[in-house]
2 protein chains.
Amino acid sequence: MKRFSALLILGVMMNMAVPRLARGDEGMWLFNRPPREQLAKRYDFQVTDEWLKHVQHASVRFNSGGSGSFVSGRGLVMTNHHVGADALAKLSTPERDLVKDGYHARKAADELKCVDLELNVLMDIEDVTAKVNAAVPAGAAPTEAQKARQAVMNTIEKQSLDKTGLRSDVVTLYQGGLYHLYRYKKYTDVRLVFAPEKSIAFFGGDPDNFEYPRYDLDCCFFRVYEDGKPVEHDDYLRFSTHGLSDEELVFVSGHPGKTDRQNTYAHLCFLRDLGLPLSMNNIRRREVNLQSYSERSLENARRGEDELFMYQNTRKARLGGLDGLQNPLVMQPKLEAEQKLRKRVAADTNLQKKYGDAWDQVEAALALWQGIYDEHYLLERAMAFNSQYFMIARTLVRLAEESEKPNAERLHEYAEAGLDSLKQELFSTAPIYADLETVKLADSLGFLMELLGAENDLVQKIMAGKGPQDRAAQLTAGSTLADVAVRRTLFDGNLETLRQSQDPMIQLAFEVDGPSRNVRKIYDEKIEEPMRQAYAKIAQARFAIEGQNTYPDATFTLRLAFGQVRGYDELGRTLPPWTVMGGAYEHAKKHGDKEPFLLPASWRKHKDALDLDTPFNFVSTVDIIGGNSGSPVINRKAEVVGLIFDGNLESLVWDFAYSDEKGRAISVDVRAILESLDKIYDAGELARELRGSE
Amino acid sequence: MKRFSALLILGVMMNMAVPRLARGDEGMWLFNRPPREQLAKRYDFQVTDEWLKHVQHASVRFNSGGSGSFVSGRGLVMTNHHVGADALAKLSTPERDLVKDGYHARKAADELKCVDLELNVLMDIEDVTAKVNAAVPAGAAPTEAQKARQAVMNTIEKQSLDKTGLRSDVVTLYQGGLYHLYRYKKYTDVRLVFAPEKSIAFFGGDPDNFEYPRYDLDCCFFRVYEDGKPVEHDDYLRFSTHGLSDEELVFVSGHPGKTDRQNTYAHLCFLRDLGLPLSMNNIRRREVNLQSYSERSLENARRGEDELFMYQNTRKARLGGLDGLQNPLVMQPKLEAEQKLRKRVAADTNLQKKYGDAWDQVEAALALWQGIYDEHYLLERAMAFNSQYFMIARTLVRLAEESEKPNAERLHEYAEAGLDSLKQELFSTAPIYADLETVKLADSLGFLMELLGAENDLVQKIMAGKGPQDRAAQLTAGSTLADVAVRRTLFDGNLETLRQSQDPMIQLAFEVDGPSRNVRKIYDEKIEEPMRQAYAKIAQARFAIEGQNTYPDATFTLRLAFGQVRGYDELGRTLPPWTVMGGAYEHAKKHGDKEPFLLPASWRKHKDALDLDTPFNFVSTVDIIGGNSGSPVINRKAEVVGLIFDGNLESLVWDFAYSDEKGRAISVDVRAILESLDKIYDAGELARELRGSE
């Protein structure tokens, strides 16, 4: 693992010590608040509204977690192999492993319909801040405020859905500073067109993850259908025909998941001391447990593969973030910047009166949170129940309970606007493996016993006189929820019929529901709502002092980032902005041609046919984070030049603070995609569609 | 992972509900308190003093953690490959990997001297309970009692060493009920004779670990030298020439490490809720960290291999134990047995007066322990400093400090009797890898920050303004302690010269020493000593009520166990007591001949030459635990019939409660050792030495 050098840290310090105007290539910008000024000044690029609208409509969100883009007029969507892997796994069987072996539909009839994949395209954005805030009475107690806010959000979404037929989400920006209504066109008939073998998509595996130089063909193509036909989607991004050059300006349009750059210092300390350590412990135990299961047989490995990757990936990413939080060279400037802002607020009577107490308000909420953190994490976030059966049972139970309430009073995720997407998940026919479910649940029940204590009343009710392994086996073997028809029957019934169910998972979901709702109520009303109000104040204070030319923390919604293709120095050597395809063969050889450094048979076979100097992966200073995986990298003309798939180790601290000293986004160069489609995969027709020359 | 069936649990319950007389084949017996009665009654076997003395003298303790035995008159010692692996790794280089490839010295000159291996042979045992207790004034306060006890133990050991020249250890039995002085002959010139490839020694790897049926040739042979010649050791165990039969009585003589069967119920709850969860978290994070390091290159994998196995092995073993403690079907009978014993004590005025308060005394000590648990674990047990450099630095610092005190006042591990063994370790020339040390230390410093908090004063001193990765790199890169000559110079100097050292690890060891000694003082005086006194009372109460025909919990000292060769039922199928060598080939095939199920080239090459029906591994009801690895399995005539290398999953709860319903010890059958030496490894001369027919 590489470390931050003093130089990098100085870079970060300089960023932090000045008012929080984004500097350099920093920023995950809203499409309705683009960084016009920065682009004009730094790159002499005048971004037009058409350009923005075109790129926005060509961008795709994968509901399974990731980004993508339309790359042909016939509904072709490009993303990463690791974003598509969930869909690939659900289409796989013990006899046909699409994750491992890849797939290529040579004709339309061979395009495989995904089991439960939903894609979203952001059609428009409406600022509803005033509407949301108006619904919350001034001076309302948190309980009342939370209720009013939830009600108005549920209602806005429902009204928008009814009016437009589009998926409608109210998005909280600047942690409560703004509310925007995002309307998405939703696609649920998504078919697999092409995926390479995992061994080249994720060449170098976990060891090479977040490293650079890299040699990964981390791509995957789907086609979106409507009414049984490929959609004709005019806003698509053409593949560039002439590649890109060093230092060239590039853009990334995608869905960064979550950053915590605007958190108060106390909030960062909270993450450092409590939130991240606990979640790292949980991730490690899940990783070790799954690894242990996977090693027992090749079929086990296939079943656990996608989830195991997720844990390995998250563990490595968060460790980089935690190391940053534990480093005074990152934290001290954060503290100083906050102190400076607070001083400027305090110096202005009006600002001080309106916003001065915000930081203490966050701290008070954190103190409360600490007291219920474990319980909330285990029960409401369901970390004690690492089981698909349980999640199905909970959804059924809560759907039945919430459906009896008026829409405005429902828990947000069970409100009417989101029901279609929820059902898409609930009735998924993706396979569930009872042996794997048992192993996972046993481990998480052990985690529950450790955190809340074996003598805890609720724990004893949940365990029903058994140890974790026995109880997990009993719950899983006794449940019939693997059967989609059973789920439909229970869904069609009412709360009372559900209460009569003899399914032990349904019974467990009821058992847990009361205590879990209790802790959620505390969280929603006493922690989240006051923090939302406090962060809204901080955001207003920032707008007042620094202006509105800023970007909010990432929220898994569409953002525009920009930067330059640029290499960097590491341990005294200069890493070039590009690798080439020939490098993959050398890299494999250096590691003894052993997994995960063993190239697939197809690559070994067609080596001679390739132009080994074809650019393969490249790095840029574009500001990205998890969730950006699969985002297109485009040039000034909005042509695709690359495909984001990773960041380097030095970018892992970007959760909390951006620096372009050594932090880099890593992309697949489209030239390598075309070269491999042509020369390795005999997929000329797909390459022609991408070139727009078919 | 398999679970305990209700039937097994009933078996355990019956064992527990009656007074704690060992039942069935339970027990890790002292050689000076053998289970004569049980053996006579159950097996009609009259154990003689000669038999005991012979077996005792033929048994060997590996100081690196494990057991072994003399198996020829020319100093040949047999153990497991996984016990010898530490020595094999220290003899390996990037070019010659003895762990992976095995080794075979065809002639004496080829026998490789191990870097720092020490073997012990228990020569005699003396009961010093009266002497130890007499030195502790009746009614002394814990501080005073602890001091007096440490002093008398240091003194007894020193006097014995001076008188006999033998390594002398006072062993605490029954958690303080008895004190025995163990005198060992020590061997430090130990040479490697033969080891098979790891891929057959640990065939099936981590996935098959603790499983049965098994097919592992987990053996390794060393030769003990004195004055440059093989020792002539008369008490050795001959290989049986006619194998063994189903249900046959067998014995195991070895060094079980640690059991907690006699712990009070409160103490078991303490382990369940605090001790084991914390150590499991630590093990998992170390495993994940090391796995991640190992995956980066083949050489990294070689460097981390032995330690990674240790974590995987411990994690799996402890998880089985923790699942037992979390299972009311195991815990409830424990509670009931304790209540019954306490009732019987309470019913006798004299017993009640002498021993009645013991259980509360343990509980009070545990309450104190809870308050300092993390600090003690991190500082004094050095879990915050996962670094060989640090351990060397601490040893040097404490040696210098302790040497200035009279022997009786020294910390036990720095008292004179143990200095030779300590130096053997301190001046070991085994390679230390700076990259690996950095990765390990960074992770454990992160652990320290998480547990004690980033704002803790001592933590801030330790971190010196850096994050975990930066600080670990600074400490490791700056230290010169990898050089044995540097260690010798510092050892030869005095405390003052050490204080002047610019080595950052030495400076860190000084920095940590004060706080670490403080927390140790609390632990030694206020926790360990009162618990020792309380457990002594409980032991005396047991002796008074149940008689002395019991065995103490394991203490990594020599014990005799017995049992029968016997298969068991699992999930409806009957597992046979034996596997055969041919089964290994089938097992490999079933797993696609992929690592860790890939047989070594030698086995694939010589398959046709083998008698595939040769018994390979077998199971028995003998009561063993970690530390017993490498123990000989012998028959009534004290001939070797097997070699202990594992227990099955159902035996993992034996840390806390024995049951022979399904729990089994797993051994290599000596017939497979001989067959493979003859037919696979062309090692006829070694086979002849083992057969005694050379």
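Each remark here, short or long, concerns the structure printed above.
One structure accompanies this document, and this report is about it. (Residues numbered from 1 in each chain as written. Chains lettered and ligands numbered in written order. Predicted model: local features only at pLDDT ≥ 70, side-chain atom pairs only at ≥ 80, totals over all residues. Heavy atoms only, no water.)

1. Topic: helix 26 (residues 684-691) of chain B
Residue and element names in this part refer to chain B.
Right, so step 1: Along helix 26, the residues that are buried comprise G684, L686, A687, E689 and L690.
Right, so step 2: Those residues of helix 26 hidden inside the fold are in contact with strand 4 (76-79), strand 10 (189-195), strand 11 (220-226) and helix 25 (670-679).
Right, so step 3: Phi turns positive, to about 70°, at G692, one or two residues after helix 26. (Buried < 20%, exposed > 50% of the residue type's maximum accessible area, 1.4 Å probe, protein only. Helix = DSSP H or I, 4+ residues; strand = E, 2+ residues; numbered from the N terminus. Contact = heavy atoms within 4.5 Å.)

2. Topic: the packing of aromatic side chains
Residues and elements named next belong to chain B.
Right, so step 1: Applying the stated criterion across every chain yields a total of 48 aromatic pairs over all chains.
Right, so step 2: Taking the centre distance of 5.7 Å and the plane angle of 65° together, the rings of F270 and Y373 count as edge-to-face. Of this pair, F270 sits in helix 10 (residues 265-294) while Y373 is found in helix 14 (residues 358-380), placing the two residues 103 residues apart along the sequence.
Right, so step 3: Looking at Y373, the relative accessible area reads 7%, which means it is buried.
Right, so step 4: An angle of 25° between the planes, with centres 6.2 Å apart, marks the rings of Y373 and Y377 as stacked. Here Y373 and its partner Y377 are both found in helix 14, four residues apart, which amounts to about one turn of the helix.
Right, so step 5: By relative accessible area, Y377 is classed as buried at 4%. (Phe/Tyr/Trp six-rings, centres within 6.5 Å; stacked < 30°, edge-to-face > 60°.)

3. Side note on helix 10 (residues 265-294) of chain A
Along an α-helix, a turn takes 3.6 residues, which lines up residues three or four apart on a common side.
All names here are of chain A.
Right, so step 1: Over its 30 residues, helix 10 runs 40 Å from end to end, which matches the ideal 44 Å to within 8%, given 1.5 Å per residue.
Right, so step 2: At L271, helix 10 shows its largest kink, close to 45°.
Right, so step 3: Among the 30 residues that make up helix 10, 29 are buried, leaving the element largely enclosed by the rest of the structure. (Expected span 1.5 Å × (residues − 1). Bend = angle between axes of the 7 residues up to and from the residue.)

4. A short note on the sheet that holds strand 17 (residues 578-580) of chain A
Residues and elements named next belong to chain A.
Right, so step 1: One open sheet accounts for eight strands, arranged 1-14-13-19-20-21-18-17; its pairing is antiparallel. Bordering the open sheet on either side are strand 1 (29-30) and strand 17, each of which pairs with just one other strand.
Right, so step 2: Alignment of strand 17 against strand 18 (residues 615-620), held across two bridges, turns out to be antiparallel. Paired with V580 across the strands is P615, a residue of strand 18.
Right, so step 3: In the packing of helix 2 (residues 36-43) onto the sheet, the strands contacted are strand 1, strand 13 (249-254) and strand 14 (559-564), and the crossing angle to strand 14 comes to about 15°. (Pairing = 2+ DSSP bridges. Axes fitted to C-alpha atoms, helices over the stretch in contact; angles between N-to-C directions.)

5. Topic: the nonpolar core
Right, so step 1: Among the nonpolar cores identified, the biggest contains 90 residues, and W51(A), F221(A), W603(A) and I673(A) are the most heavily contacted of them.
Right, so step 2: Ignoring sequence-local partners within four residues, the contact set of I673(A) consists of M78(A), L217(A), C219(A), F221(A), F239(A), L643(A) and V668(A). (Core = buried A, V, L, I, M, F, W, Y, C linked by side-chain atoms within 4.5 Å.)

6. Description of the packing of helix 11 (residues 298-325) of chain A against helix 17 (residues 434-452) of chain A
Residue and element names in this part refer to chain A.
Right, so step 1: Two elements in contact, helix 11 and helix 17, have axes whose closest approach is 10 Å; the angle formed by their N-to-C orientations is 55°. By the criterion of interaxial angle, the relationship of helix 11 to helix 17 is oblique. Of the two possible hands of crossing, helix 11 and helix 17 adopt the one that is right-handed. Each of N300, R303, G304 and E307 in helix 11 lies in contact with helix 17, whose residues at this interface are D435, L436 and K440.
Right, so step 2: Its residues assigned to classes, the contact of helix 11 with helix 17 comprises one nonpolar, two polar and four charged. (Parallel < 35°, antiparallel > 145°, perpendicular 65-115°, else oblique. Left-handed = near helix turned anticlockwise from the far one by under 90°. Nonpolar A, V, L, I, M, F, W, Y, C, P; charged D, E, K, R; others polar.)

7. Remarks on the relation of the copies chain A and chain B
Right, so step 1: For the pair chain A and chain B, the superposition axis carries a translation of 0.0 Å, the fit reaches an RMSD of 0.0 Å, and the rotation angle comes to 180°. Between the two chains, the operation in question is that of a two-fold axis.
Right, so step 2: Most of the interface of chain A is mirrored in chain B, where 100% of its interface residues again form contacts. (Least-squares fit on C-alpha atoms with pLDDT ≥ 70 in both.)

8. Description of the pattern of salt bridges
Right, so step 1: Overall, the coordinates contain 120 salt bridges over all chains when judged by the stated rule.
Right, so step 2: A salt bridge links D524(B) to R520(B), with the shortest nitrogen-to-oxygen separation between them at 3.1 Å. You can see D524(B) and its partner R520(B) sitting in helix 22 (residues 504-546), four residues apart, about one turn around the helix. Residue D524(B) shares its accessibility class with R520(B), and that shared class is buried.
Right, so step 3: Here the residues in one salt-bridge network are E380(A), R398(A), E401(A), E402(A), K405(A), E413(A), D513(A), R517(A), R520(A) and D524(A), joined through shared partners. (Salt bridge = Lys/Arg side-chain N within 4 Å of Asp/Glu carboxyl O.)

9. Quick look at the environment of V580(B)
Residue and element names in this part refer to chain B.
Right, so step 1: Relative to the elements of secondary structure, V580 occurs in strand 17 (residues 578-580).
Right, so step 2: Among the residues examined, V580 registers a relative accessible area of 31% and is labelled partly exposed.
Right, so step 3: Residues V580 and F616, 36 residues apart in the sequence, show an inter-C-alpha distance of 4.6 Å.
Right, so step 4: The residues contacting V580, other than those within four sequence positions of it, are Y215, L612, D613, T614, P615 and F616.

10. Quick notes on the interface of chain A and chain B
Right, so step 1: In this complex, chain A contributes 46 residues to the contact, which on the side of chain B involves 46 residues.
Right, so step 2: Interface area for chain A against chain B, summed over the two sides, is near 4,400 Å², with a carbon-plus-sulfur share of 47%.
Right, so step 3: Taken together, the links from chain A to chain B amount to eight salt bridges.
Right, so step 4: Of the charged contacts, one joins E595(B) and K594(A) as a salt bridge, the two residues approaching to 3.7 Å between their closest N and O atoms.
Right, so step 5: Every element with two or more residues in the side of chain A that touches chain B is listed here: helix 9 (205-208), helix 10, helix 11, helix 17 and helix 19 (468-478) of chain A.
Right, so step 6: Residue contributions to the side of chain A that touches chain B peak at ten residues, all from helix 10 of chain A.
Right, so step 7: Taken together, the residues of the side of chain A that touches chain B break down into 14 nonpolar, eleven polar and 21 charged. (Buried area = accessible area lost by both parts, 1.4 Å probe.)

11. So, the side chain of H376(A)
Right, so step 1: Following the sequence through the fold, H376(A) ends up in helix 14 (residues 358-380).
Right, so step 2: Ignoring anything within four residues of it in the chain, the contact list for H376(A) reads R381(A), V519(A), R520(A) and Y523(A).

12. Considering the pairing of strand 21 (residues 665-669) of chain B
Residues and elements named next belong to chain B.
Right, so step 1: Of all five residues that make up strand 21, five are buried, and the element is covered over most of its length.
Right, so step 2: When strand 18 (residues 615-620) meets strand 21, the two strands line up antiparallel, connected through four bridges. Bridge pairing links F618 to S667 in strand 21.
Right, so step 3: When strand 20 (residues 640-647) meets strand 21, the two strands line up antiparallel, connected through five bridges. The residue of strand 21 that forms the bridge with G642 is D669.

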